[in-house]
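# Observations on chain architecture
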Amino acid sequence: MTETKKIRLGVLGSGKGSNFVAIADAIQSGQIPAEVGIVLSDVEGAGILDQARMRGIRAEYIAPGKFRTKLEEESERCFVEALSAAEVDWVVLAGFMRVLKGDFLRAFEGRIVNIHPSLLPSFPGLEAWKQALDHGVKFTGCTVHFVDAGVDAGPIIGQQTVPVLDADTPETLHRRIHAAEHLLYPACIGMLARGGVRVAGRRVMGSERVDC
Ligand code: GRF
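In what follows, the accompanying structure is described. Keep in mind that what you see is a predicted model, and the values were worked out from it rather than measured. (Residues numbered from 1 in each chain as written. Predicted model: local features only at pLDDT ≥ 70, side-chain atom pairs only at ≥ 80, totals over all residues. Heavy atoms only, no water.)

## Quick look at the overall build of the protein
Rule in force here: Secondary structure elements are defined from DSSP: runs of H or I of at least 4 residues count as helices, runs of E of at least 2 residues count as strands, and each element is numbered from the N terminus. The globule rule used for comparison is 2.2 Å times the number of residues to the exponent 0.38, while the radius of gyration itself is calculated over C-alpha atoms. We call a residue buried when its accessible area falls under 20% of the maximum for its residue type, exposed when it is over 50%, and partly exposed in between, using a 1.4 Å probe and counting protein chains only. Here the accessible surface of atoms and residues is derived via Shrake-Rupley with a 1.4 Å probe, and residues count as covered only by protein chains that are part of the display. His is not counted, nor are the chain ends, whereas Lys and Arg count as positive and Asp and Glu as negative. Taken as the charge centre is NZ of Lys, CZ of Arg, CG of Asp or CD of Glu, depending on the residue.
What the protein contains, in helices and strands, is 6 helices and 9 strands. Here the C-alpha radius of gyration of the protein, 17 Å, is about what a compact globule of 212 residues would show, namely 17 Å. Projected onto the principal axes, the alpha-carbon positions of the protein cover approximately 50 × 50 × 35 Å. Going through the 212 residues of the protein one by one, you find that 48% of them count as buried. Entry remark: accessible area of the protein is about 10800 Å², with carbon and sulfur atoms responsible for 52%. Computing the positive centroid from 24 side-chain charges and the negative centroid from 26, the protein places the two 3 Å apart.

## What to know about the pattern of salt bridges
Applied cut-off: Here, a salt bridge means any side-chain nitrogen of Lys or Arg that lies within 4 Å of a carboxyl oxygen of Asp or Glu.
Counted under the stated rule, the structure contains 10 salt bridges. Notably, a salt bridge pairs D25 with R55, separated by 3.5 Å at the nearest N-O pair. Of this pair, D25 sits in helix α1 (residues 18-28) while R55 sits in the loop between α2 (47-54) and β3 (59-61), and the two are 30 residues apart along the sequence. When its relative accessible area of 40% is taken as the criterion, D25 is described as partly exposed. Among the residues examined, R55 registers a relative accessible area of 32% and is labelled partly exposed. Between E72 and K66 there is a salt bridge; the shortest N-O distance is 4.0 Å. Look at K66 and you get exposed, because its relative accessible area is 65%. Within the structure, one salt-bridge network assembled from shared partners comprises E74, R77 and E81.

## Here's the deal with the packing of α1 against helix α6 (residues 170-193)
To keep things clear, this is the line we draw: Only the stretch in contact is used when a helix axis is fitted, and all axes are lines through C-alpha atoms; the angle between N-to-C directions ranges over 0 to 180 degrees. Oblique is the label for any angle not covered by the other classes, which are roughly parallel (under 35 degrees), roughly antiparallel (over 145) and roughly perpendicular (65 to 115). Two helices crossing with the near one rotated counterclockwise from the far one by less than a right angle form a left-handed crossing, whereas a clockwise rotation gives a right-handed crossing. Residue contacts follow a heavy-atom distance rule, with two residues in contact if any of their heavy atoms lie within 4.5 Å. Gly counts as polar in this scheme, as do all residues outside two lists: the nonpolar Ala, Val, Leu, Ile, Met, Phe, Trp, Tyr, Cys and Pro, and the charged Asp, Glu, Lys and Arg.
The contact between α1 and α6 brings their axes to 9 Å, and the two run at 45°. Taken together, α1 and α6 sit at an angle that is classed as oblique. You can see that α1 and α6 cross each other, and the crossing is right-handed. Taken together, the residues of α6 that come into contact with α1 (itself represented by S18, N19, A22, I23 and A26) are H178, E181, H182, Y185, P186 and I189. Class assignment of the residues belonging to the contact of α1 with α6 gives a composition of 6 nonpolar, 4 polar and 1 charged.

## Section: the environment of A128
Within the element layout of this structure, A128 appears in helix α5 (residues 128-135). A128 sits in the buried class, given a relative accessible area of 0%. Sequence-distant contacts of A128, defined by excluding residues within four places in its chain, comprise H116, P117, S118 and F123.

Taken by themselves, the reported measurements are silent on function.
Structure follows, in structure tokens:
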């Protein structure tokens, strides 16, 4: 029997890393034919780095430089070098809070994915759950998408809806979206890892359904 070749992931995050944990657990249980080559963070002491080290995965902090929402050129180069040295096939953004620019996007063109806590194209940007609550929508959710030069804008791979309840506060809604993310992200990465994704312009066709 031929085994599916494992793809290598590089994961970038700035926070506690619960999505990374969901992906790592899905790999561990054989749900995703992949391995994590390296985890990188722009935040020293970020939980995601500890989570990686606890699992024996190489994890590094790279100083982001002087900007608040993007990486300084030199820092971006260090991220690209670290990912290339780790021989990653795909870059998975799991709560990485900076916009990636030209050189990074070119180095991994079409091979960067992100998760966003809303049903894009609604509510891109920060605190998407709060935007949804303030707007009064009855459903929101989360989206896994390819990363391009826009903010939360690339072709959509998978989405999961989450109802907005009358009693919701930003915190309760965020928690429910987070729980949905932990199912959606591994499911989408599993599909990518099995080569089951075809991109035609803005449309991403999957060979399997992502139902969470
Ligand atoms: C998630 O809500 C994701 O949608 C957003 O950042 C958050 C990361 O959370 N991009 P965690 O670090 O994975 O817990």
